[in-house]
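Now for the letters of each chain:
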Amino acid sequence: MNKPLMNIRSLKKVFKLSSGFIRAQERNLVAVNNINLDIDEGETLGLVGESGCGKSTLAKIILRLEKPSAGNILFKGKDIISFDRVQLKAYRRNVQLIFQDPYSSLNPRKTAAGIIREPLTIHNVADNKKRDSLVEEMMLKVGLSAQHAKRYPHEFSGGQRQRLGIARALILQPQLIIADEPVSALDVSIQAQILNLLKDLKKDFGLTYLFISHDLNVIRHMSDRIAIMYLGEIVELSSNHDIYENPLHPYTRMLLAAAPVCNPRIKKNVIAVRGEAVAENNRGCAFQNRCAYRTGICSEQEPPLADRGNNRYCACHRAGEI
Amino acid sequence: MPCLLKIKDLVTVFNTVKGKITAVDDVSLCIEEGETLGIVGESGCGKTMLALSIMRLIPPNGEIAGGSISFRGEELLKKSEEEMRRLRGSEIAMIFQEPMTSLNPVIRIGEQIAEAIRLHQGLAARDAHALSIRQLEEVGIPEPQRRALDYPHQLSGGMRQRVMIAMAMSCHPRLLLADEPTTALDVTIQAQILDLIDALKKKNNMSVLLITHDLGIVAQSTQKVAVMYAGKIVEMADVDDIYSAPKHPYTRGLMESIPARCPDQNGYLKTIPGSVPSLYDLAPGCRFYDRCSLAFDKCSRQEPNLEEVAPGHLVSCWKCNSN
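As the structure is a prediction and not an experimental result, all values here were calculated from the model. (Residues numbered from 1 in each chain as written. Chains lettered and ligands numbered in written order. Predicted model: local features only at pLDDT ≥ 70, side-chain atom pairs only at ≥ 80, totals over all residues. Heavy atoms only, no water.)

A. Quick look at the sheet that holds strand β2 (residues 19-32) of chain B. Residues and elements named next belong to chain B. With respect to topology, four strands assemble into an open sheet ordered β2-β1-β4-β5, the strand pairing being antiparallel. A single partner strand is all that each edge strand has here, and the edge strands are β2 and β5 (74-75). Sheet topology note: the strand β1 (residues 3-16)/β2 ladder contains 11 bridges and is antiparallel. Bridging across to β2, Val11 finds its partner in Asp25. Where helix α1 (residues 47-55) meets the sheet, it contacts β1, β2 and β4 (62-71), and its direction lies at approximately 110 degrees from that of β1. (Pairing = 2+ DSSP bridges. Helix = DSSP H or I, 4+ residues; strand = E, 2+ residues; numbered from the N terminus. Contact = heavy atoms within 4.5 Å. Axes fitted to C-alpha atoms, helices over the stretch in contact; angles between N-to-C directions.)

Encoded structure:
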């Protein structure tokens, strides 16, 4: 068992929303609610959930692009929430992000080589000559060739742009990569190329991934462990195998039932897929209004993410009996 | 089974600043009554332009340069603009990927549906309103009376797509063109919308042209599949045949690049090398030539035709074609 690279403890983020113009009313939106999660060194932790469930907010807090309302995050034992500017800069060398949309996350006025080189300049790594060779080396690693160096982002295809984004993220040799829907904007034949590349790079550089996606096929292919998020909370956390073969939480089961199977002969199992992810309950389980197994206690008490043995965690009062 | 929609040798071209491109190139297909035909392909392969050509709604810099589109035996390409307008929305309806951009943001949704009903069925305002509420109920919107008074921004993405479907279904079309109807939606919402389209299709004996890039959706929701590549149909067959015995190297490549379907032993996905060719400078010969592992010299010289290689299974590939 590897040691954890990052420990997330009781993390909470509340956004204040105001609605109404004349008589503005304030409303709290709990985007991330009491999350506890360890990311082990060398693993790929998959994070799945529907839009608005808080996956990207969690990623932003980990990168310290948002401040949490409560809780803390330890990176190699140090609390990143209390970092000052100098510490933060050093931290960000170790934790990098790959974005969903390679079109909007690259500076259109910089060449490919310039984009990959920028982090080296910002963090003052190596001298000019060495930087050139580092950039060239990295371009080859991600499957771009030296002739691409002087091109601008608009001259690349979607898949090549994503390679460029990956090169930029890896140039500082970080330890943790947060990949936020890295293949969602790509066509399926290109998606496979990028997923293979991410696997290769993980081996070559000894990376740890937090891999965020809504695509259950992609998550299954990439992850060692998987966390399922629903309305700001982690409702299930297990190994890849257990999530797909033996899911405990009713929401995990609904997600799996809803995912289309690439085989016309497999008729889907008939778990009712219903309702939408809307926070309407003040008390009890967040999933109760969509749940087929709901009983009295579900509207009274919020189920904690409890240990169910064999490194399986599930936040459901009825896990095990249903 | 008679064809409800029969497309023959359809060619749609666009004049752009960079030159002339053929977005839909020599496409022939037939949709039978009550059938769902899936069109799969990657972005830019011409699937949306095919649907817009059927509606005769292609952007102004494009034109239908040849072929025929016959709907219930009538040639759509010969119809006047006025005749087409009457057909759109009543006989052939269309739903899009992003419902928010197809709904009018400043008109209540009930009124938007009622408008379509008044225009096509000539009903009085009050009857049209009552019917619009029935339509909302039909597509599974809770409290339709109250929801009819909502504006589009008050609804979730899934609810908006339901409203679009209610509007499309309000005049009982014979054919529904659904262009990536669930791509913007979450997977649990997607499943509900696909079920809804399927239920409405069965109830009204409607045909559906379902455009998608998701091979899972095609497997679950269609009876027949056409795979498009760079403007052409490269393979067409019953859904069972195409998933159990894909013949065109591109179709096979697509199937193999889906995670969790066929990863090899080392946990890597098979990939199709390279990317889709630009329509601006297509080389002679097969469009898949430079990405294909089976290519031989004939492929670079001559373009293969779509030929029947097994009953109902059409492929355009020199390796699969008999001669």
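From this point, the narrative continues.
B. Geometry of unusual backbone geometry. Within the chain, Asn310 of chain A stands out as a residue other than glycine whose phi angle is a positive 55 degrees. Relative to the helices and strands, Asn310 of chain A is located in the loop between β11 (306-307) and β12 (313-314). Since its relative accessible area comes to 69%, Asn310 of chain A is described here as exposed. Look at His172 of chain B: it is not a glycine, yet its phi comes out positive at around 50 degrees. Note on placement: His172 of chain B falls in the loop between α7 (157-169) and β7 (175-179). The exposure class assigned to His172 of chain B is partly exposed, which follows from its relative accessible area of 47%. (Buried < 20%, exposed > 50% of the residue type's maximum accessible area, 1.4 Å probe, protein only.)

C. Quick look at the sheet that holds strand β1 (residues 4-19) of chain A. All names here are of chain A. With antiparallel pairing, the four strands of this open sheet are ordered in space as β2-β1-β4-β5. Only two strands of the sheet have a single neighbouring strand rather than two, namely β2 (25-40) and β5 (78-79). One ladder, built from five bridges, connects β1 with strand β4 (residues 70-75); its direction is antiparallel. In the strand pairing of β4, Lys12 is matched with Ala70. The strands that helix α1 (residues 55-62) touches are β1, β2 and β4; relative to β1, the one it contacts most, it runs at about 120 degrees.

D. A look at the pattern of salt bridges. Enumeration over the complete set of coordinates arrives at 31 salt bridges over all chains. Of the charged contacts, one joins Asp224 of chain A and Lys202 of chain A as a salt bridge, the two residues approaching to 3.6 Å between their closest N and O atoms. Highlighted residues: Asp224 of chain A in the loop between α7 (216-222) and β9 (225-230) and Lys202 of chain A in helix α6 (residues 188-205), separated in sequence by 22 residues. The salt bridge partner of Asp297 of chain B is Arg301 of chain B, with a shortest N-O separation of 3.5 Å. Separated by four residues within a single helix, Asp297 of chain B and Arg301 of chain B lie in helix α12 (residues 297-301), roughly one turn from each other. Judged by relative accessible area, which is 54%, Arg301 of chain B ranks as exposed. Through salt bridges with shared partners, one network takes in Asp25, Lys232, Arg287 and Glu303 of chain B. (Salt bridge = Lys/Arg side-chain N within 4 Å of Asp/Glu carboxyl O.)

E. The environment of Glu138 of chain B, seen in detail. Residues and elements named next belong to chain B. The residue Glu138 is located in helix α5 (residues 125-138) in this model. For Glu138, a relative accessible area of 34% translates into the label partly exposed. Along the sequence, Glu138 and Gly285 sit 147 residues apart, while their C-alpha atoms lie 50 Å from each other. Filtering out sequence-adjacent residues up to four positions away, Glu138 remains in contact with Leu196, Leu200 and Lys203.

F. Layout of the state of the cysteines. Evaluated as defined, the whole model comprises one disulfide over all chains. Linked covalently through their sulfurs, Cys3 of chain B and Cys30 of chain B form a disulfide whose S-S length is 1.9 Å. Across the S-S bond linking Cys3 of chain B and Cys30 of chain B, the dihedral sits near -100 degrees, which makes this disulfide left-handed. Linking Cys3 of chain B in strand β1 with Cys30 of chain B in strand β2, this pair joins segments that are 27 residues apart in sequence. In this structure Cys3 of chain B comes out as partly exposed when scored by relative accessible area, which is 30%. The class for Cys30 of chain B is buried, based on a relative accessible area of 15%. Here Cys285 of chain A stays unpaired: no disulfide links it, and the sulfur of Cys298 of chain A, its closest cysteine neighbor, is 6.0 Å away. (Disulfide = S-S within 2.5 Å.)

G. Quick peek at the pairing of strand β6 (residues 92-95) of chain B. Residue and element names in this part refer to chain B. Residues Ile92 and Met94 point to one face of β6 and Ala93 and Ile95 to the other, with burial holding for every one of them. Note: β6 against β7, four bridges, orientation parallel. For Ile92, the partnering residue across the bridge sits in β7 and is Leu175.

H. Expanded view of the packing of aromatic side chains. Inspection of every chain in the model, using the stated rule, returns eight aromatic pairs over all chains. Pairing Phe75 of chain A with Tyr91 of chain A gives two aromatic rings, centres 5.3 Å apart and planes at 75 degrees, and the pair type is edge-to-face. With a gap of 16 residues between them, Phe75 of chain A in strand β4 and Tyr91 of chain A in helix α2 (residues 85-94) connect regions that are remote in the sequence. Take Phe75 of chain A: its relative accessible area is 6%, and that puts it in the buried class. By relative accessible area, which is 2% here, Tyr91 of chain A ends up buried. Consider the rings of Phe83 of chain A and Tyr91 of chain A, whose centres lie 5.8 Å apart with planes at 70 degrees: the pair is edge-to-face. Taken individually, Phe83 of chain A and Tyr91 of chain A each receive the classification buried, so the pair is uniform in this respect. Over the ring of Trp318 of chain B we find Lys298 of chain B, and its NZ or CZ is 3.9 Å from the ring centre. (Phe/Tyr/Trp six-rings, centres within 6.5 Å; stacked < 30°, edge-to-face > 60°. Lys NZ or Arg CZ within 6 Å of the ring centre and 35° of its normal.)

I. Spotlight on the interface of chain A and chain B. Contacts between the two partners involve 35 residues from chain A and, on the opposite side, 39 residues from chain B. Regarding the contact of chain A and chain B, the summed buried area is about 3,100 Å², with carbon and sulfur atoms giving 56% of it. Along the contact surface separating chain A from chain B lie one salt bridge. Across the contact surface, chain A and chain B share 14 residue pairs in polar contact (both at pLDDT 80 or more). Elements with a minimum of two residues in the side of chain A that touches chain B: α6, α7 and α9 (250-258) of chain A. The element contributing the most residues to the side of chain A that touches chain B is α6 of chain A, with 11 residues. Residues of the side of chain A that touches chain B, tallied by class, amount to 15 nonpolar, nine polar and 11 charged. (Buried area = accessible area lost by both parts, 1.4 Å probe. Polar contact = N/O pair within 3.5 Å; in protein donor to acceptor, adjacent residues only side chain to side chain. Nonpolar A, V, L, I, M, F, W, Y, C, P; charged D, E, K, R; others polar.)

Any functional reading would require information beyond the geometric quantities listed.
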